[in-house]
Amino acid sequence: MSCVESAALKSSAPTPNNRTRYSFEHPWFEEIRSEWESITTPLRGKKLRILEIGSFEGASTTWILDNLMDHPESSMVAVDHFGGGMDHHVEPIENYNFNALEARFRSNISKCENSSKLELMKMSSDDALLKLRQARDEFDFIYIDASHVAIDVLHDAVLCWRMLKEGGTLVFDDFSWKGYMEHCYNPRIAIFSFVRCAEPEVEYKETESQVWITRVPNKLKATRNQDPTLMYGEDELRAFFNAS
Ligand SMILES: C[S@@+](CC[C@H](N)C(=O)[O-])C[C@H]1O[C@@H](n2cnc3c(N)ncnc32)[C@H](O)[C@@H]1O
């Protein structure tokens, strides 16, 4: 089986707004669906290349296929190794049958009218993003919802950023999620760090649990430091590291 394969399966009941035909044990996406419906309105009908990192049972994937893939030349890539994330493997372990996850994803996708526009990359986001970058792929819309461990989120974000077109949208899930007591295990610190570094090109919008970024070039121009030492002072350094 090729690592990049078409998840194209015959559609059975193409009725985009009726989601009862899908089967989700964890319908997390339902909580943010109405938000997505309104924020993505300007994207409807446009030719879009979309990337999703973290698909699970296909709740967000099916919504995107049903709602943002109307243009005949639109296409989507979904990345998931179907092994779950750290939050599925740290005590207390949630009872979820990962052996059935990929089949559930495929079954849900097969019910989408636009299933033939989807490519599945069944592998880690590290491997998938490097392959896509090497192929010089570019995207109009990227959804990051795979590993929730901060360093993984940051890594996914940095690799995705280079593939986001100007004017494109990058969405992070789980901005408010605090699954662990240590900040370094939660996505928030990664999203904050990324946004601060990408500030010259970022237009930023926060919802209750997500961050939506539009890539806007040259938003913040660089200003030459006139101090001849070209060094941060002690106080500045302290303030810099204390800032969240
Ligand atoms: C929170 S779920 C995605 C939920 C989905 N977007 C939805 O709306 O229902 C996270 C998914 O990311 C996958 N995942 C976690 N870490 C990953 C990694 N490093 N590479 C690829 N997939 C990963 C897991 O297998 C899981 O299916």
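For every chain, the first residue of the written sequence is number 1, and numbering continues from 1 along that sequence. Only residues with pLDDT of 70 or above have their local features reported here, since the model is predicted, and side-chain atom pairs are shown and tallied only from 80 upward, although totals for entire chains, interfaces and linings are computed over all residues. Each side-chain value is worked out from all heavy atoms of the structure, with water and hydrogens disregarded.

So, about the site of the ligand. Residues are classed as near a molecule or strand on a simple rule: at least one heavy atom within 4 Å of it. Taken together, 19 residues sit near the ligand, with Ser 60, Asp 80, Gly 84, Ser 125 and Asp 145 positioned nearest. A distance of 3.4 Å separates a nitrogen atom of the ligand from a polar atom in the backbone of His 81. Pairs of N or O atoms are called polar contacts if they sit within 3.5 Å, as long as, within protein, a hydrogen donor faces a hydrogen acceptor (for residues adjacent in sequence, only side-chain-to-side-chain pairs). Asp 145 has a polar side-chain atom sitting 2.8 Å from a nitrogen atom of the ligand. Working definition of accessibility: Shrake-Rupley area with a 1.4 Å probe, residue cover restricted to the visible protein chains. Protein contact buries 94% of the 610 Å² of open area that the ligand shows by itself. Using a 1 Å grid laid over the protein atoms alone, points where a 1.4 Å probe fits but cannot get out form a cavity; open sets with protein on both sides within 12 Å along at least 5 of 7 lines form a pocket; any residue with an atom within 4 Å of a point counts as lining. Cavities and pockets are treated as containing a molecule whenever more than half of the molecule's atoms lie within 2 Å of their grid points. One can see that the ligand is located within the largest pocket. Charged means Asp, Glu, Lys or Arg here, nonpolar means Ala, Val, Leu, Ile, Met, Phe, Trp, Tyr, Cys or Pro, and polar covers whatever is left, Gly included. Split into classes, the residues belonging to the shell around the ligand amount to seven nonpolar, 10 polar and two charged.

The next subject is the nonpolar core. Definition of nonpolar core: a set of buried residues of the types Ala, Val, Leu, Ile, Met, Phe, Trp, Tyr and Cys, connected through side-chain atoms within 4.5 Å. Buried means the residue's accessible area, taken with a 1.4 Å probe over protein chains only, is under 20% of the maximum for its type, while exposed means over 50%, and partly exposed covers the values in between. Membership of the largest hydrophobic core comes to 31 residues, with the highest contact counts inside it found for Leu 51, Leu 170, Phe 172, Phe 194 and Ile 213. Secondary structure elements with two or more residues in this core: β2 (49-53), β3 (75-79), α4 (125-134), β5 (139-144), α5 (150-161), β6 (164-172), α6 (187-197) and β8 (211-215). Each helix corresponds to a stretch of at least 4 residues labelled H or I by DSSP, and each strand to a stretch of at least 2 residues labelled E; elements are numbered beginning at the N terminus. Here this core gets six residues from one element, more than from any other, and that element is α5. Those residues in contact with Ile 213, other than ones at most four positions away along the chain, are Trp 161, Gly 168, Thr 169, Leu 170, Phe 172, Phe 194, Val 195, Val 202, Glu 203 and Tyr 204. Core analysis: the second largest hydrophobic core is formed by 30 residues, Phe 24, Phe 29, Leu 120 and Phe 141 among them. Note on contacts: a residue pair is in contact if any heavy atoms of the two residues lie within 4.5 Å.

Walk down a regular strand and you will see the side chains alternate between the two sheet faces. Across the five residues of β8, four count as buried, placing the element largely inside the fold. Of the pairings in the sheet, the one linking β6 to β8 comprises four bridges and is antiparallel in character. Bridging across to β8, Val 171 finds its partner in Trp 212. Between any two strands, pairing holds if DSSP finds at least two bridges. Pairing geometry for strand β7 (residues 202-206) and β8, over five bridges, is antiparallel. The residue bridging Tyr 204 from the neighbouring strand is Ile 213, located in β8. Hairpin remark: β7 followed by β8, antiparallel, with four residues in the connecting loop.

With that settled, the discussion passes to unusual backbone geometry. Notably, Phe 56 is not glycine yet its phi reads approximately 55 degrees, a positive angle. Its place among the elements puts Phe 56 in the loop between β2 and α2 (59-68). Even without being glycine, Leu 230 reaches a positive phi, approximately 50 degrees. Position of Leu 230 among the secondary structure elements: in the loop between β8 and α7 (234-242).

Once that is clear, we can look at the layout of surface pockets. Considering only enclosed or pocket space, the largest pocket measures out at about 930 Å³ in volume. Residue lining of the largest pocket: 42 residues in total, with Trp 28, Asp 145, Ala 146, His 148 and Asp 174 positioned closest to the centre. For the lining of the largest pocket, the secondary structure elements donating two or more residues are α2, α4 and α5. Across the lining of the largest pocket, the residue classes tally to 13 nonpolar, 16 polar and 13 charged. Grid points are joined across faces, edges and corners, and a volume is the space filled by probe spheres set on the points.

Time to look at empty space enclosed by the protein. Left-over empty space is what a probe sized like a water molecule reveals as it rolls over the atoms. All told, the structure shown has one cavity of 30 Å³ or more when counted by the stated rule. The calculated volume of the largest cavity comes to roughly 40 Å³. Around the largest cavity sit Ile 144, Asp 145, Ala 146, Ser 147, His 148, Val 153 and Asp 173, which together line it. Split into classes, the residues belonging to the lining of the largest cavity amount to three nonpolar, two polar and two charged.

Position of Glu 119 among the secondary structure elements: in strand β4 (residues 118-121). Taking the relative accessible area as the measure of exposure, Glu 119 reaches 30% and is therefore partly exposed.

Let us look at the confidence of the model for the protein. For the protein, the average pLDDT comes to 91, and 91% of its residues sit at 70 or higher. What pLDDT reports is the predictor's confidence in each residue, on a scale of 0 through 100. Across the protein, the secondary-structure element scoring lowest on mean pLDDT is strand β1 (residues 4-6), at 48, and the one scoring highest is β2, at 99.

On the surface, Tyr 232, Leu 237, Phe 240 and Phe 241 cluster together to form a nonpolar patch covering roughly 470 Å² of accessible area. Summarising the element assignment, Phe 240 is placed in helix α7. We classify Phe 240 as partly exposed; its relative accessible area is 41%. What goes into a patch is any residue over 30% in relative accessible area without a salt bridge, connected to like charges within 9 Å or, for nonpolar side chains (Val, Leu, Ile, Met, Phe, Trp, Tyr), within 5 Å. In what follows, salt bridge is the name for a side-chain nitrogen of Lys or Arg lying within 4 Å of a carboxyl oxygen of Asp or Glu.

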